[in-house]
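Geometric and topological summary
What follows is each chain in one-letter form.
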Amino acid sequence: MAAAVKADGYGHGLLWVARTLNADAFAVACIEEALILREAGVSRPILLLEGVFAAAELPLCAHHGLEIAIHHPEQVRMLETARLKRPLRVWLKIDTGMHRLGLEPETVPAMFQRLRDCPAVVLDMGLMSHLARADERDCKDTLRQLNVFETATNGLPGERSLANSAGVLGWPQTHFDWVRPGIMLYGVSPFVDSLASDESLQPVMTFHTRLISIKRLRRGEPIGYGGTWICPEDMDVGVAAVGYGDGYPRHAPSGTPVLVNGREASLVGRVSMDMITLDLRQHPEARIGDPVVLWGEGLPVERIAEAAGTIAYTLLCGVKARVRWEAVG
Ligand SMILES: *Cc1c(COP(=O)(O)O)cnc(C)c1O
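No experiment lies behind these values; they were computed from the predicted model shown.

All right, on to the sheet that holds strand β6 (residues 126-128) then. Taking strand neighbours across the sheet as the criterion, the 7 strands line up as β1-β2-β3-β4-β5-β6-β7 in an open arrangement whose pairing is parallel. One side of each edge strand has no neighbouring strand; the edge strands of this open sheet are β1 (2-4) and β7 (160-161). Sheet topology places strand β3 (residues 46-48) next to strand β4 (residues 67-70); 2 bridges connect them, and they run parallel. What sits directly across from Leu-48, in β4, is Ile-68. Of the strands in this sheet, β4 and β5 (90-93) are in contact with helix α5 (residues 73-81), which crosses β4 at around 130 degrees.

Here it is in structure tokens:
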């Protein structure tokens, strides 16, 4: 299993994730992420999912024993002209239908042969592709991609890798030699139509803060920037110390759930940079200092993503460095 730890371990902290997860290998997006791992002493295989962006990165890859995806003929050419101290392990990345990165399937045998003949490349190459719609359970495109992958790699030696989290959980035929889960490792469902708990996953991140103010407001009084929410009656409104400057989504609308003392309350009014305002009508017990959970334990991040019109991936990746971290357990 190669754990996808790109984007700072999906916002959980790259090194914490790498040390906590017992993965056989790690997958990252760029050499900078790989170097952070190597410099911290991580010795497991590391795969650059997009390969190198420039030939100048190749000697560093060789020095640190990084494995690289080869998704474009230009990258094959870079390797053919490189003079490296140590040959690299490469993964041929094939475009089986996502049409983002990848070699055209019909060019795979020729590219494979060129890389075999290339002194900068070790003989044992991998073969990979990426699924575009595995999160949709009945989508025929996944089977189509599988078929293209099998045809393109048929008869070629080497380990094969196709599945992301949705492939791991929903499409066993896509597992091959290496799966590359990301989001599921952080306890989030990769599917459009399920929550983590439906997949027996537990959220790794709990994003929480505290109430820093409670005020009694009168019926008709507006709350926050733009006065977008008006108190429908005399009521208590709480302020929690979190905002888009911490990575809470600015577009979360009034009605988005939070937990106050472990029970649901609703966001009201606009999200500010450092604060959100909460309807405390159902929380007469609430006091300044009480805990507020934005997502995680007891409140699936998928629900917040849905309310804010985004996906859980962006919320996790978006938590800002100023948020204090504590590793629990
Ligand atoms: C990010 C990524 C993954 C992991 O995807 P999840 O949906 O988070 O499981 C796997 N493979 C590649 C090529 C990726 O870019």
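There is more to say, and it comes next.
Right, let's get into the domain arrangement of the chain. Per the domain assignment, the segments making up the chain are domain 1 (2-196) and domain 2 (207-317). Facing the 12 residues of domain 1 at the interface are 7 residues of domain 2. When the two sides are added together, the surface that domain 1 and domain 2 hide from each other amounts to roughly 730 Å², 77% of it contributed by carbon and sulfur. Inspection of the domain 1/domain 2 interface yields 0 salt bridges. Tallied by class, the residues present in the side of domain 1 that touches domain 2 amount to 8 nonpolar, 4 polar and no charged.

Structurally, Ala-265 is set in strand β13 (residues 263-268). Placed 10 residues apart in sequence, Ala-265 and Gly-255 show a C-alpha to C-alpha distance of 8.3 Å.

A few words now on the site of the ligand. Surrounding the ligand, one finds 13 residues, the nearest of these being Lys-6, Tyr-10, Ser-165, Ile-183 and Tyr-313. For the ligand, an oxygen atom lies 2.5 Å from a polar atom in the side chain of Tyr-10. In the model, an oxygen atom of the ligand is placed 2.7 Å from a nitrogen or oxygen of the Tyr-313 side chain. With the chains in place, 92% of the 390 Å² that the ligand exposes on its own is no longer accessible.

Let us look at the pairing of β13. Inspection of the sheet shows strand β12 (residues 257-260) paired to β13 by 4 bridges, in the antiparallel sense. Counted as the bridge partner of Leu-259 is Glu-264 from β13. Between β12 and β13, which pair antiparallel in sequence order, lie 2 residues; one of them, Asn-261, sits at a positive phi of approximately 50 degrees.

Turning our eyes to something else, we now look at the pattern of salt bridges. A side chain with one charge can pair with a side chain of the opposite charge if their charged atoms come near. A full pass over the atoms with the stated rule returns 17 salt bridges. Between Asp-124 and Arg-89 there is a salt bridge; the shortest N-O distance is 3.3 Å. In this pair, Asp-124 sits in the loop between α6 (108-116) and β6 while Arg-89 sits in the loop between α5 and β5, placing the two residues 35 residues apart along the sequence. The class of Arg-89 is buried, set by a relative accessible area of 15%. Arg-263 is paired through a salt bridge with Glu-285; the nearest N and O atoms lie 3.2 Å apart. Within this pair, whereas Arg-263 is found in strand β13, its partner Glu-285 is found in the loop between β14 (276-279) and β15 (291-295), the two being separated by 22 residues in sequence. Looking at Arg-263, the relative accessible area reads 39%, which means it is partly exposed. Of the residues examined, Glu-285 reaches a relative accessible area of 33% and is grouped as partly exposed.

Packing of α5 against α6 brings their axes to within 10 Å, and their N-to-C directions diverge by 15 degrees. Relative to α6, the element α5 lies roughly parallel. Here α5 and α6 pass one another in a crossing that is left-handed. Between α5, through Pro-73, Val-76, Arg-77, Leu-79 and Glu-80, and α6, the contact on the second element is made entirely by Met-111, Arg-114 and Leu-115.

Aromatic rings in a pair are described by how distant their centres are and how their planes are angled relative to each other. Overall, the coordinates contain 5 aromatic pairs when judged by the stated rule. With a centroid separation of 6.1 Å and an interplanar angle of 40 degrees, the aromatic rings of Tyr-10 and Tyr-313 are classed as tilted. Taken together, the residues Tyr-10 in helix α1 (residues 6-11) and Tyr-313 in helix α10 (residues 312-317) connect sequence positions 303 residues apart. A residue is classified by how much of its surface remains accessible, and Tyr-10, at 7% relative accessible area, is buried. A residue is classified by how much of its surface remains accessible, and Tyr-313, at 32% relative accessible area, is partly exposed. Between Phe-149 and Phe-176, the aromatic rings sit 5.3 Å apart at their centres with planes inclined by 70 degrees, giving edge-to-face as the arrangement. Remark: Phe-176 occurs in the loop between α8 (165-170) and β8 (207-217) and Phe-149 occurs in helix α7 (residues 140-153); sequence separation between them is 27 residues. For Phe-176, a relative accessible area of 26% translates into the label partly exposed. Its guanidinium or amino end placed over the ring of Phe-191, Arg-137 lies 3.8 Å from that ring's centre, counting from NZ or CZ.

What counts as what
Residues numbered from 1 in each chain as written. Predicted model: local features only at pLDDT ≥ 70, side-chain atom pairs only at ≥ 80, totals over all residues. Heavy atoms only, no water. Pairing = 2+ DSSP bridges. Helix = DSSP H or I, 4+ residues; strand = E, 2+ residues; numbered from the N terminus. Contact = heavy atoms within 4.5 Å. Axes fitted to C-alpha atoms, helices over the stretch in contact; angles between N-to-C directions. Domains from an automatic or database assignment. Buried area = accessible area lost by both parts, 1.4 Å probe. Salt bridge = Lys/Arg side-chain N within 4 Å of Asp/Glu carboxyl O. Nonpolar A, V, L, I, M, F, W, Y, C, P; charged D, E, K, R; others polar. Near = heavy atom within 4 Å. Polar contact = N/O pair within 3.5 Å; in protein donor to acceptor, adjacent residues only side chain to side chain. Areas by Shrake-Rupley, 256 points an atom, 1.4 Å probe, with all protein chains shown as cover. Buried < 20%, exposed > 50% of the residue type's maximum accessible area, 1.4 Å probe, protein only. Parallel < 35°, antiparallel > 145°, perpendicular 65-115°, else oblique. Left-handed = near helix turned anticlockwise from the far one by under 90°. Phe/Tyr/Trp six-rings, centres within 6.5 Å; stacked < 30°, edge-to-face > 60°. Lys NZ or Arg CZ within 6 Å of the ring centre and 35° of its normal.

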